[in-house]
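A closer look at the structure
Letter by letter, the chains look like this.
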Amino acid sequence: MANESQVIGVDLGGTAIKLGHYSQSGDCLAQLVVDTPQPATPEAVLTAIVQAIDQLDPDRQARAIGIGTPGPACAQGRVARVAINLAGWQDVPLADWVEAKTGLPTVLANDANCAGLGEAWLGAGSDFQDLIVLTLGTGVGGAVILNGELFVGRTGAAGELGLITLDPEGPPCNSGNRGSLEQHCSVQAVRRDMGCEPGKLAAQALLGDDAAIAYWQQYGRYLGAGLTSLIYVLTPEAIILGGGISAGADLFLPTVWQEIEQRVLPSSREDLQILTAQLGNQAGVVGAARLALNRYGQ
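Here is a short report on the structure shown in this document. This structure is a prediction, so every number in the text was calculated from the model and none was measured.

A count of helical and extended segments in the protein chain gives nine helices and 12 strands. Rg of the C-alpha trace for the protein chain: 19 Å, near the compact-globule value of 19 Å for 298 residues, within the 12% margin. Taking the principal axes of its C-alpha atoms as reference, the protein chain extends roughly 55 × 40 × 40 Å. A burial count over the protein chain gives 52% of its 298 residues as buried. Long-range contacts, defined here as pairs at least 24 residues apart, represent 62% of the contacts in the protein chain between residues at least 6 apart. Carbon and sulfur atoms make up 48% of the accessible area of the protein chain, which totals about 13100 Å². Taking the average location of the 16 positive side-chain charges in the protein chain and that of its 30 negative ones, the two points are 5 Å from each other.

Relative to the elements of secondary structure, Asp193 occurs in helix α5 (residues 187-194). On the accessibility criterion, Asp193 (41% relative accessible area) is partly exposed. Taking the C-alpha atoms as reference points, Asp193 and Asn147, 46 residues apart in sequence, are found 38 Å from one another.

Cut-offs used in this document
- Residues numbered from 1 in each chain as written.
- Predicted model: local features only at pLDDT ≥ 70, side-chain atom pairs only at ≥ 80, totals over all residues.
- Heavy atoms only, no water.
- Helix = DSSP H or I, 4+ residues; strand = E, 2+ residues; numbered from the N terminus.
- Rg over C-alpha atoms; globule rule 2.2 N^0.38 Å.
- Buried < 20%, exposed > 50% of the residue type's maximum accessible area, 1.4 Å probe, protein only.
- Contact = heavy atoms within 4.5 Å.
- Areas by Shrake-Rupley, 256 points an atom, 1.4 Å probe, with all protein chains shown as cover.
- Lys, Arg positive; Asp, Glu negative; His and termini not counted.
- Charge placed at Lys NZ, Arg CZ, Asp CG, Glu CD.

Laid out in structure tokens, this is it:
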């Protein structure tokens, strides 16, 4: 262990900042959760992160820091371009700031990308080099891992998997799109269509409620149609489904597979696996640590 790189992963959220201290081989050496300051101005968040890092790693064993932020980062992983639900965040050079305070090299990425990287490293995706991670939550986020590396494109904005179009005339999306995958497969879509939370609707389906069963079958058809586009473009070995809705995957995976088998040429889906995520709300911290290892730790 003495000669193994150690890093710190930080998952910055609207209500909590989660931190983990990891070794290169994936051992979690320490964990910490602190409240996100309110209002969550960039300066207040910086102070909270730096204090938490001092608490988590008092002996300064870590050699780099990775941070997942709720919104896009620049392609170089230096600047948080916008941060959703945080006050006053616009082009914040967070990596520079954290480096100046801690003396440790720092890299940023979008939190959905970090969650994807986490599942790829220590979760359901650890056996694969080419995979897609889709988080079925309040929105539909995603990450693309190619050859074991996070793919973010030339500006850092690639991999917005939830914003592809399913229905050109469908419900409007915050992105400006209409009928996006997110508009058919998010928690908000379930609430809009059925007037209740996905967990409750899943429980009703398991009790034999016909309307709930039919809804989840239709949900699987939409998800399968959306995944079809992603499979044709990326030919992943595996698709990992995370987020709250993935808990009910047994209710919709059969129709997901039906759609994929009907729509996707066998040559584009050879040995494809669809799995549910394993790391839950730790995925972001784990992935942020992996981000630091990928950039600075090897």
